[in-house]
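Topology and contacts: notes
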Amino acid sequence: MDLMDTLLARRSVRQFTDEPVSDEEIEEIVEAGMLAPTGKGIHPRHYITIQGPARIHSLIGCRKGGPAMLRTATAAIAVLGDTTKSDTCIEDSSVALENMHLAAAALGLGSCWLQVRLRPSEEEGISTEEFLRERLGFPEGMELEALLVLGHPAKEPAPHKLDELPQDRIHKELW
């Protein structure tokens with residue numbers, strides 16, 4: 001698949017089959033994240049790969065509304081930034097997540113970016129980050145950007161179509 005085909009094919013998937021994501025697929029997706037550029041080449045990102053069904057299900061209450069995608073996911077990857085090393089962790093983590101989305105699509109996997117930064121969990125007075133820190137064990141100073149939720153799609157979403165994109169958002173030279 002060439003890059004444009006991958007970009008067109010990449011869709012957020014929220015329903016997955018019970019077929020597991022392989023260790024090799026997880027490794028390739030994380031490597032794609034690690035290849036993403038970072039401010040000043042610092043590479044302040046860390047990744048937590050999650051494949052155990054019990055661990056994945058323990059994350060369901062991480063965000064208000066209980067993300068349904070975690071009920072059928074067979075893998076997830078937490079992307080964190082080390083705030084003691086860089087002030088661009090949000091941007092650096094976001095670029096990594098996009099690379100990982102594209103890698104998942106190129107492998108025929110479904111993925112969904114589960115936004116968790118600055119969100120409340122289902123537990124009263126507990127942020128999503130606190131909820132996930134307790135379950136995933138990451139230290140203070142690490143800022144959790146998002147979870148990339150993964151699995152084999154329950155159904156194949158139709159690819160994007162270039163002619164359906166909002167062309168009026170493109171401005172040349174001036175607004």
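Anything mentioned here points back to the structure above.
Applying the stated criterion across every chain, the model contains 6 salt bridges. With a shortest N-O distance of 3.1 Å, arginine 135 and glutamate 123 are connected by a salt bridge. Here the residue arginine 135 occupies a position in helix α6 (residues 128-136), and glutamate 123 occupies one in the loop between β3 (110-115) and α6, the gap between them amounting to 12 residues. On the basis of relative accessibility, which here comes to 34%, the residue glutamate 123 falls in the partly exposed class. A salt bridge links glutamate 134 to arginine 135; the shortest N-O distance between them is 3.7 Å. Judged by relative accessible area, which is 63%, glutamate 134 ranks as exposed.

Of note, aspartate 92 is situated in helix α5 (residues 89-106). Buried within the structure, aspartate 92 lacks any salt-bridge partner; its nearest side chain of opposite charge belongs to arginine 45, at an N-O separation of 5.1 Å. Within the structure, aspartate 92 has its side chain in polar contact with the backbone nitrogen of glycine 39 (distance 3.0 Å). Not counting residues within four places of it along the chain, the set of residues in contact with aspartate 92 comprises Pro37, Thr38, Gly39, Pro44, Arg45 and Ser86.

Moving on to a negative patch on the surface. Side chains of Asp23, Glu24, Glu27, Glu28 and Glu31 sit close together on the surface and give a patch of like negative charge. Looking at where aspartate 23 falls in the secondary structure, it is placed in helix α2 (residues 23-34).

Here we take up the side chain of serine 86. Secondary-structure assignment places serine 86 in the loop between β2 (75-82) and α5. Within the local environment of serine 86, its side chain forms a polar contact with the side chain of threonine 88, the two groups lying 2.9 Å apart. Not counting residues up to four positions away in its chain, the partners in contact with serine 86 are Pro44 and Asp92.

Before going further, it helps to examine the environment of serine 111. Residue position: serine 111 is located in strand β3. Overall, the relative accessible area of 2% leaves serine 111 in the buried class. Sequence separation between serine 111 and histidine 43 is 68 residues, and the spatial gap between their C-alpha atoms is 23 Å. Excluding its chain neighbours within four sequence positions, the residues that come into contact with serine 111 are Arg11, Ser12, Val13, Phe16, His101, Ala104, Leu148, Val149 and Leu150. A polar contact is formed between the side chain of serine 111 and the side chain of histidine 101, at a distance of 2.7 Å.

Our next topic: the layout of surface pockets. Here the largest pocket defines a volume of roughly 170 Å³. Along the wall of the largest pocket there are 15 residues; nearest its centre are Ala9, Ala105, Leu109, Glu156 and Pro157. Listing elements by their share of the lining of the largest pocket, those giving two or more residues are α5 and β3. Class assignment of the residues belonging to the lining of the largest pocket gives a composition of 8 nonpolar, 4 polar and 3 charged.

The 4 strands are arranged β1-β2-β4-β3 in an open sheet whose pairing can be described as antiparallel. Each edge of the open sheet carries a strand with a single partner, namely β1 (45-50) and β3. Direction aside, the axes of adjacent strands within the sheet are offset by 20° on average. The sheet contact formed by β2 and strand β4 (residues 142-151) spans 8 bridges and is antiparallel. Bridge assignment links glycine 81 to a residue of β4, and that residue is glutamate 143. Where α2 meets the sheet, it contacts β1, β2 and β4, and its direction lies at approximately 165° from that of β1.

Criteria and cut-off values
- Residues numbered from 1 in each chain as written.
- Predicted model: local features only at pLDDT ≥ 70, side-chain atom pairs only at ≥ 80, totals over all residues.
- Heavy atoms only, no water.
- Salt bridge = Lys/Arg side-chain N within 4 Å of Asp/Glu carboxyl O.
- Helix = DSSP H or I, 4+ residues; strand = E, 2+ residues; numbered from the N terminus.
- Buried < 20%, exposed > 50% of the residue type's maximum accessible area, 1.4 Å probe, protein only.
- Lys, Arg positive; Asp, Glu negative; His and termini not counted.
- Polar contact = N/O pair within 3.5 Å; in protein donor to acceptor, adjacent residues only side chain to side chain.
- Contact = heavy atoms within 4.5 Å.
- Patch = residues over 30% accessible without salt bridge, like charges linked within 9 Å, V, L, I, M, F, W, Y side chains within 5 Å.
- Areas by Shrake-Rupley, 256 points an atom, 1.4 Å probe, with all protein chains shown as cover.
- Charge placed at Lys NZ, Arg CZ, Asp CG, Glu CD.
- 1 Å grid on protein atoms, 1.4 Å probe; cavity = no way out; pocket = protein on both sides within 12 Å on 5 of 7 lines; lining within 4 Å.
- Points joined across faces, edges and corners; volume = space filled by probe spheres on them.
- Nonpolar A, V, L, I, M, F, W, Y, C, P; charged D, E, K, R; others polar.
- Pairing = 2+ DSSP bridges.
- Axes fitted to C-alpha atoms, helices over the stretch in contact; angles between N-to-C directions.

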